[in-house]
Amino acid sequence: MGQYKLDDAEFGTIIISTRRGMKSIRSNVRNGAIELHVPTSIRYDELCKVIDDNRTKLRQMLAKSEETKLRYHEGQEINCLGGYTINICRQQRFPGKATFGSDTGNTLSVKIHTGMDFGDERVTSLISQCLKLLAKRIAASVLPRFAENIATEIGAKPAKFVIGGGLRKLGHCTAKGEIQLSCNLVFLPKHLAKFIILHELAHLTHFNHSPQFHNLLNQYCNGNEKILDSELKHFRWPVKL
Ligand SMILES: [Zn+2]
């Protein structure tokens, strides 16, 4: 696998990733730049033709990624489970740094130095990291009880709940009936966090994703499984995936 960059008059830098034996050409956007996955054997003139033939599609793809790009702003409030709020604000004491912590009661904050730019991708990453660390704290104080109440409500008996850190995997149920939940669940609205927990609790009865599993889950969430599933897919996380 190789990688090089190509300068395009319209799109700026295009990242070309080559892979031997690859048959079709795929494209995506990475860090604001178009990335093309192409076979190693492709010639320069063929590559230029691919770009020219797909300008409309690439343009749309780039515009869409710009729209959905994670960006924070001063004064932003992120509501979390258990009535917690995280404020994004400024600090003047530590140049080039972000600080984070609890303010009062249920309010926490991430503060970046006044000299830092919210439009800078590195600042976005930094804030995202701080938010995830705060999510861990919030999760430790609210998630176990929140999950236990849901289990009681439906009469499920998990061995125990364990809070972890993943974002790709929001929940997991082990063969021993231990349910692992991501601390990032605190960023979800209450009903979606509950949906994830119900999903894992349904695995205590059906250790698969069979139609029986979905029947039970759908029953657990009053016939709203499909709606909740789609809402979850469209949820915009306030942290980097
Ligand atoms: Zn599952």
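Everything quoted here is computed from the prediction, not taken from an experiment. (Residues numbered from 1 in each chain as written. Predicted model: local features only at pLDDT ≥ 70, side-chain atom pairs only at ≥ 80, totals over all residues.)

For the rest of this paragraph, the subject is the pairing of strand β6 (residues 85–91). Direction of pairing for strand β5 (residues 77–79) relative to β6: antiparallel, over a ladder of three bridges. Counted as the bridge partner of N79 is T85 from β6. Taken together, the seven bridges between β6 and strand β8 (residues 107–113) define a ladder with parallel strand orientation. Bridge pairing in β8 links I86 to L108. (Pairing = 2+ DSSP bridges. Helix = DSSP H or I, 4+ residues; strand = E, 2+ residues; numbered from the N terminus.)

Let us look at the packing of helix α3 (residues 121–154) against helix α4 (residues 190–202). Contact geometry of α3 with α4 gives a least axis separation of 10 Å together with a crossing angle of 55°. Classified by the interaxial angle, the pair formed by α3 and α4 is oblique. The handedness of the crossing between α3 and α4 is right-handed. Contacts between α3 and α4 involve A147, I150, A151 and I154 on the former and, on the latter, K194, I197, L198 and L201. In the contact of α3 with α4, the residues fall into seven nonpolar, no polar and one charged. (Axes fitted to C-alpha atoms, helices over the stretch in contact; angles between N-to-C directions. Parallel < 35°, antiparallel > 145°, perpendicular 65-115°, else oblique. Left-handed = near helix turned anticlockwise from the far one by under 90°. Contact = placed C-beta atoms within 7 Å. Nonpolar A, V, L, I, M, F, W, Y, C, P; charged D, E, K, R; others polar.)

Let's shift gears to the nonpolar core. Core analysis: the biggest nonpolar cluster contains 40 residues, and I138, L185 and V186 have the highest contact counts within it. Elements supplying a minimum of two residues to this core: β6, β7 (98–102), β8, α3, β11 (178–182), α4 and α5 (211–220). Ranked by residues supplied to this core, first place goes to α3 with eleven residues. Ignoring sequence-local partners within four residues, the contact set of V186 consists of C80, L81, A135, I138, A139, V142 and L143. (Core = buried A, V, L, I, M, F, W, Y, C linked by C-beta atoms within 7 Å. Buried ≥ 20, exposed ≤ 12 C-beta atoms within 10 Å, placed from the backbone.)

Let us now look at the sheet that holds β6. Whether parallel or antiparallel, the strands of a sheet pair through hydrogen bonds between backbone atoms. Strand order in the open sheet formed by four strands is β5-β6-β8-β7, and the pairing between neighbours is mixed. The strands lining the two open edges of the sheet, one partner per strand, are β5 and β7. Neighbouring strand axes in the sheet, compared pairwise and without regard to direction, differ in orientation by 20° on average. Bridging between β7 and β8 involves five bridges; their strand directions are antiparallel. When the sheet's bridge partners are listed, S102 is paired in β8 with L108.

So, about the domain arrangement of the protein. Split into domains, the protein comes out as domain 1 (2–68) and domain 2 (77–233). Using C-alpha coordinates to define each centre, domain 1 is positioned 35 Å away from domain 2. (Domains from an automatic or database assignment.)

Moving on, we come to the sheet that holds β11. Taken in spatial order, the three strands line up as β9-β11-β10 in an open sheet, and their pairing is mixed. Strands at the two margins of the open sheet, each flanked by one partner only, are β9 (160–164) and β10 (171–173). Going from strand to strand, the sheet's axes swing by 20° on average, the running direction of each strand aside. This element, α3, spans β9 and β11 of the sheet and lies at about 145° to β9.

With that settled, consider the packing of α4 against α5. Packing of α4 against α5 brings their axes to within 9 Å, and their N-to-C directions diverge by 140°. Compared by their axis directions, α4 and α5 come out oblique. Crossing geometry of α4 relative to α5 is assigned as right-handed. Facing α4, whose interface residues are L198, H199 and A202, α5 presents F213, L216, L217 and Y220.

Time to look at α3. A rise of 1.5 Å per residue sets the reference length of α3, with its 34 residues, at 50 Å; its end C-alpha atoms lie only 43 Å apart and thus fall more than 12% short of the reference. Roughly 45° is the biggest bend found in α3, and it falls at A139. Listed as buried for α3 are I127, C130, L131, L134, A135, I138, A139, V142, L143, A147 and I150. (Expected span 1.5 Å × (residues − 1). Bend = angle between axes of the 7 residues up to and from the residue.)

By the element assignment, L170 lies in the loop between β9 and β10. Setting aside residues up to four positions removed in sequence, L170 forms contacts with S182, N184, L185 and I196.

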